[in-house]
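Coordinate inspection notes
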Amino acid sequence: MSIRTTAVLVLSFIFLSLEVNAMPQADFYVSSQGNDKWSGKLAQPNEMRTDGPFASIQRAQEAVRKLKNPETVLIRKGTYQLTELLVFTPEDSGDTYAAYPSEKPVISGGKRITGWTKNGELWTANVPTGWYFSDLYVNNERRSRTRLPKEGFYHIESAISDDIKNAFHYAEGDIKPWQNMDDVEVIVFNAWDELRFHIAKLDTDTRTVTFTGSNNWPWSAWGQAKNRYYVENVREALTQPGEWYLDRKTRVLTYYPMPGEDMKKAEVIAPVLN
């Protein structure tokens with residue numbers, strides 16, 4: 001079974017792979033050709049299409065939970081796009097969810113983006129209001145959100161004071177008053193964790209960047225004044241194939257295709273679920 005990295009699954013058991021030559025016998029079946037109003041007892045719809053497999057894994061889970069004995073669910077090939085998290089708890093312990101023999105189902109927490117338009121070397125598409133994401137996949141390969149520097153890291157020049165935990169001084173030229181500053185994200189490596197900030201204010205005279213969020217520790221603690229960081233989702237940094245930028249205000253996604261990519265045929269998917 002293949003699970004897209006865009007899906008977040010909480011599992012309390014193991015998804016099992018059945019041998020190719022195993023008999024496809026199960027208590028319930030799930031298929032992209034199924035119907036959640038059916039019994040789920042058949043591996044494929046009957047001739048009259050009055051009964052057959054379920055259409056969703058959630059419906060199979062609901063049916064399994066009503067039974068006391070451990071049950072087996074076989075999932076047919078196809079893509080199962082989740083609209084909410086697929087969560088397994090101790091209540092599901094002992095049950096088996098597996099791919100139907102010789103088939104490859106895909107569980108996806110993403111949604112396809114279509115309607116691409118060419119603008120020079122770049123392609124653009126509109127995304128629905130409120131859909132903001134930091135990952136993008138083109139033809140099953142992860143693509144990079146615009147990043148500065150392109151390689152390596154910037155370093156915090158200095159802390160302002162131990163009392164100020166939502167701002168620091170940056171080195172000359174590292175952070176600039178780019179367009180759409182609200183879209184820019186600053187990723188700072190702080191001791192053992194990774195902090196992600198949006199910029200609230202930029203003072204180019206004092207080279208001070210202030211964030212909408214706050215750090216738990218002073219930037220001067222543990223020698224953090226030289227901590228590494230980089231910035232993402234900068235429109236001006238969209239210069240290389242495989243990079244993309246999302247403008248939250250206009251809801252326009254801009255992508256620089258890899259050589260040979262046909263955006264009219266490409267499968268572009270971004271996460272919907274957290």
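No experiment lies behind these values; they were computed from the predicted model shown. Within each chain, residues carry numbers counting from 1 in the order of the written sequence. For this predicted model, a pLDDT threshold of at least 70 governs which residues receive local features, and a threshold of 80 or more governs which side-chain atom pairs are given and counted, while totals over whole chains, interfaces and linings are taken from all residues. The side-chain quantities take in all heavy atoms of the structure and omit both hydrogens and water.

Take helix 1 (residues 57–65) next. Residues spaced three or four apart along an α-helix face the same direction, because each turn holds 3.6 residues. Among all positions of helix 1, only Ile57, Ala60, Gln61, Ala63 and Val64 are buried. With its buried residues spanning 165° around the axis, helix 1 presents them on a single face. We call two residues in contact when some of their heavy atoms are within 4.5 Å. Going along the chain from the N terminus, every DSSP run of H or I of four or more residues is numbered as a helix, and every run of E of two or more is numbered as a strand. As for helix 1, its buried residues are in contact with strand 3 (28–30), strand 4 (72–75), strand 6 (86–87), strand 7 (96–99) and strand 8 (105–108). Type-normalised accessible area, obtained with a 1.4 Å probe on protein chains alone, sets the label of each residue: buried when under 20%, exposed when over 50%, and partly exposed for intermediate values. By definition, the arc is the one covered by directions from the helix axis to the C-beta atoms.

Our focus in this paragraph is the pairing of strand 18 (residues 193–203). Both faces of the sheet carry side chains from a regular strand, because those side chains alternate between them. Pairs of strands are assigned from DSSP output, requiring at least two bridges between the strands. Examined bridge by bridge, strand 17 (residues 185–190) and strand 18 share 6 bridges and lie antiparallel to one another. By the bridge assignment, Glu185 is partnered in strand 18 with His198. Adjacent in sequence and paired antiparallel, strand 17 and strand 18 are bridged by 2 residues, among which Ala191 carries a positive phi angle near 55°. Hairpin geometry of strand 18 and strand 19 (residues 208–211) is characterised by an intervening segment of 4 residues between the two adjacent antiparallel strands and by a positive phi of about 50° at Arg207.

We now examine the confidence of the model for the protein. What pLDDT reports is the predictor's confidence in each residue, on a scale of 0 through 100. The predicted model of the protein has a mean per-residue pLDDT of 89, with 90% of residues at 70 or higher. Throughout residues 1–22 the model reports pLDDT below 50, and contacts reaching past four residues in sequence, or to other chains, amount to 61 contacts.

Attention now moves to the pattern of salt bridges. Whenever a carboxyl oxygen of Asp or Glu lies within 4 Å of a side-chain nitrogen of Lys or Arg, that contact is scored as a salt bridge. With the rule as written, the count across this model stands at 17 salt bridges. For Arg76, the salt bridge goes to Glu103, with nearest N and O atoms at 2.7 Å. Here the residue Arg76 occupies a position in the loop between strand 4 and strand 5 (78–81), and Glu103 occupies one in the loop between strand 7 and strand 8, the gap between them amounting to 27 residues. Classification of Arg76 as buried rests on a relative accessible area of 14%. Taking relative accessible area as the criterion, Glu103 reaches 19% and is therefore assigned buried.

Now for the sheet that holds strand 3. With parallel pairing, the 3 strands of this open sheet are ordered in space as 3-4-7. Only two strands of the sheet have a single neighbouring strand rather than two, namely strand 3 and strand 7. On average, adjacent strands in this sheet sit at an angle of 25° to one another, irrespective of strand direction. Two strands pair when backbone bridges link them, and strand 4 and strand 7 are joined in this way by 4 bridges, in the parallel orientation. All axes here are fitted lines through C-alpha atoms, helices being fitted over the stretch that makes contact, and every angle between N-to-C directions spans 0 to 180 degrees.

With that out of the way, let us pick up the packing of aromatic side chains. Between the rings of Phe, Tyr and Trp (Trp by its six-membered ring), a pair exists once the centres lie within 6.5 Å; its type follows the angle of the planes, with under 30 degrees stacked, over 60 edge-to-face, and the other angles tilted. Throughout the structure, instances matching the rule amount to 15 aromatic pairs. Between Phe168 and Tyr229 the ring centres are 5.4 Å apart and the planes differ by 55°, which places this aromatic pair in the tilted class. Here Tyr229 lies in strand 20 (residues 228–232) and Phe168 lies in strand 16 (residues 167–170), a separation of 61 residues in the sequence. Like Tyr229, Phe168 is buried. The rings of Tyr154, Phe168, Phe197, Phe211, Trp219 and Tyr229 are connected pair by pair, giving a single aromatic cluster. Criterion for a charge above a ring: Lys NZ or Arg CZ within 6 Å of the ring centre, and within 35 degrees of the ring normal. Arg76 extends its terminal NZ or CZ atom over the ring of Tyr100, reaching a point 3.8 Å from the ring centre. We note Arg248 situated over the ring of Tyr132; from NZ or CZ to the ring centre the distance is 4.5 Å.

We now examine the sheet that holds strand 10 (residues 117–119). The sheet built from 8 strands is open, its strands ordered 9-23-12-13-21-22-11-10 with mixed pairing. Pairing within the sheet leaves two strands with one partner each, and these edge strands are strand 9 (110–112) and strand 10. Neighbouring strand axes in the sheet, compared pairwise and without regard to direction, differ in orientation by 35° on average. The pairing of strand 11 (residues 122–126) with strand 22 (residues 252–255) spans 4 bridges and is antiparallel.

Let us now look at the nonpolar core. Most often, soluble globular proteins keep nonpolar side chains buried together rather than apart. In plain words, nonpolar cores are sets of buried Ala, Val, Leu, Ile, Met, Phe, Trp, Tyr and Cys residues tied together by side-chain atoms within 4.5 Å. Phe168, Trp178, Val188, Ile199, Trp219, Tyr229 and Val231 are the most contacted members of the largest nonpolar core, which totals 22 residues. Among the elements of the structure, strand 15 (154–159), strand 16, strand 17, strand 18, strand 19 and strand 20 are those that each provide at least two residues to this core. Counting 17 residues, the second largest nonpolar core, distinct from the first, contains Ala125, Val127, Val138 and Trp244.

This part covers the pairing of strand 17. Among the 6 residues of strand 17, 5 are classified as buried, and the element is accordingly described as predominantly covered. Two elements, strand 17 and strand 20, share 4 bridges in a ladder whose sense is antiparallel. In the sheet register, Glu185 faces strand 20, and the bridge partner there is Glu232.

Here we come to the environment of Trp38. Relative to the assigned elements, Trp38 resides in the loop between strand 3 and helix 1. Taking the C-alpha atoms as reference points, Trp38 and Gly52, separated by 14 residues in sequence, lie 5.8 Å from one another. Every residue in contact with Trp38, bar those within four places of it in the chain, is listed here: Gln33, Pro45, Arg49, Thr50, Asp51, Gly52, Pro53 and Phe54.

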